[in-house]
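# Survey of secondary and tertiary structure
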Amino acid sequence: MKNNVTIKDVAKLAGVSISTVSRVINDSKPVTDEVKQRVLDVIKETGYVPNPLARSLVTKKSKLLGVIVPEVSDSFVNEIVNGIECVTKMYGYDILLANTYSEKKQELKSIDLLRAKQVEGIVMISWTLDEDHIQSINNSGIPATYISKTAQTFDVYTVSTNNEDATYDMTKYLIDKGHKEIALIMTSEADTILETERRRGYERALTDNNININPDIIKYGNTDYDSGYRVMTDLLNEGIKPDAVFVTGDEAAIGAINAIFDKGYNVPEDISVAGFNNTKLSKMFRPKLTTVGQPLYDMGAVAMRMVIKMINDEPLEEKKFVLPYEIIERESVIDKK
């Protein structure tokens, strides 16, 4: 049989109407078992593959889900996407992935593209979510869940961890290891709820342990390696050599470690370094990185499961789903006591 088999060919070979073949494929209306089996046998013999667009017009379901990411190569992002992909496969969906390079114009364009492709739901991962993103997806009528530093600002479905408590606990961990001068390198310069929560957790831990807050050792950068390297280099160039540095992103923390080595110091003997996220990079780099463990895979899985529940009109227990974190102890922090 020719490769470009059509539904018309299947109907002719099975001796039924095109609409009957459509009913069998889409399970939309009952047909007799004998007719159903005859159609299925012809489909198997010919290798016929239903046109997904035509099928979606009948079932009103495309079985496609959209995922918008700021940078597909980012270790934080790809671990979340792994969790997303697992759930989509489990429920028989396929993914359309839109990589936006953190450009707002491209993010809005991706929303329009996914809408045109008739996706049934969207998970949006964005470093900086704003009202335009929310409005665009709301206008599409497509169920969506968000994973973003700024998502907590909006009345939307989100997945996150408790960032204030996580930052507090890591700062307290460093204090308990005998560190008193603890620099904080934030991986965003934006004044977001997430950054506010993280700084508040850090400052609360210092205050609770009778350590003065020094604004000169609170620095801002971005999530990438180069930013961590640059900010740490600037800190050391200012003549500041802290006991420890807490960087709120693993990739930037690794950049900070290399900057410390390049300035002639050792990690953790001279300066301890802690990160945030527990990405795969954190255990591949030497010294292995002590970090806050966010369940990134689970965040992706939960976000997509929330979307599928919305598609199926199933109840959701929470609108803002908060997952647990843990302190992962490795080699980059020394006990100075």
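Attention in this report is confined to the structure presented alongside it. Keep in mind it's a predicted model, so treat the numbers as computed, not measured.

## Side note on helix 3 (residues 33–46)
- Between its terminal C-alpha atoms helix 3 stretches 20 Å, which fits the 20 Å expected from 14 residues at 1.5 Å a residue.
- Three or more residues of helix 3 are buried, namely Val35, Val39, Val42, Ile43 and Thr46. Buried residues along helix 3 cover an arc of 100° about the axis, so they all sit on one side. The outward face of helix 3, more than 90 degrees from its buried face, is lined by the exposed residues Asp33, Lys44 and Glu45.
- Next to the buried residues of helix 3 lie helix 1 (7–14) and helix 2 (18–26).
- Once helix 3 finishes, glycine 47 follows within two positions and takes phi at roughly 75°, a positive value.

## So, the packing of aromatic side chains
- All told, the structure shown has three aromatic pairs when counted by the stated rule.
- Note on phenylalanine 246 and phenylalanine 276: the rings are 6.4 Å apart at their centroids and 15° apart in plane angle, and the pair reads as stacked. Of this pair, phenylalanine 246 sits in strand 8 (residues 244–247) while phenylalanine 276 is found in strand 9 (residues 272–277), placing the two residues 30 residues apart along the sequence.
- Stacked on the ring of tyrosine 93, the Lys or Arg lysine 63 has its end atom at 3.9 Å from the ring centre.
- The positively charged end of arginine 198 is found above the aromatic ring belonging to phenylalanine 276, 4.0 Å away from the centroid.

The rules behind these values
Residues numbered from 1 in each chain as written. Predicted model: local features only at pLDDT ≥ 70, side-chain atom pairs only at ≥ 80, totals over all residues. Heavy atoms only, no water. Helix = DSSP H or I, 4+ residues; strand = E, 2+ residues; numbered from the N terminus. Expected span 1.5 Å × (residues − 1). Buried < 20%, exposed > 50% of the residue type's maximum accessible area, 1.4 Å probe, protein only. Arc of directions from axis to C-beta. Contact = heavy atoms within 4.5 Å. Phe/Tyr/Trp six-rings, centres within 6.5 Å; stacked < 30°, edge-to-face > 60°. Lys NZ or Arg CZ within 6 Å of the ring centre and 35° of its normal.

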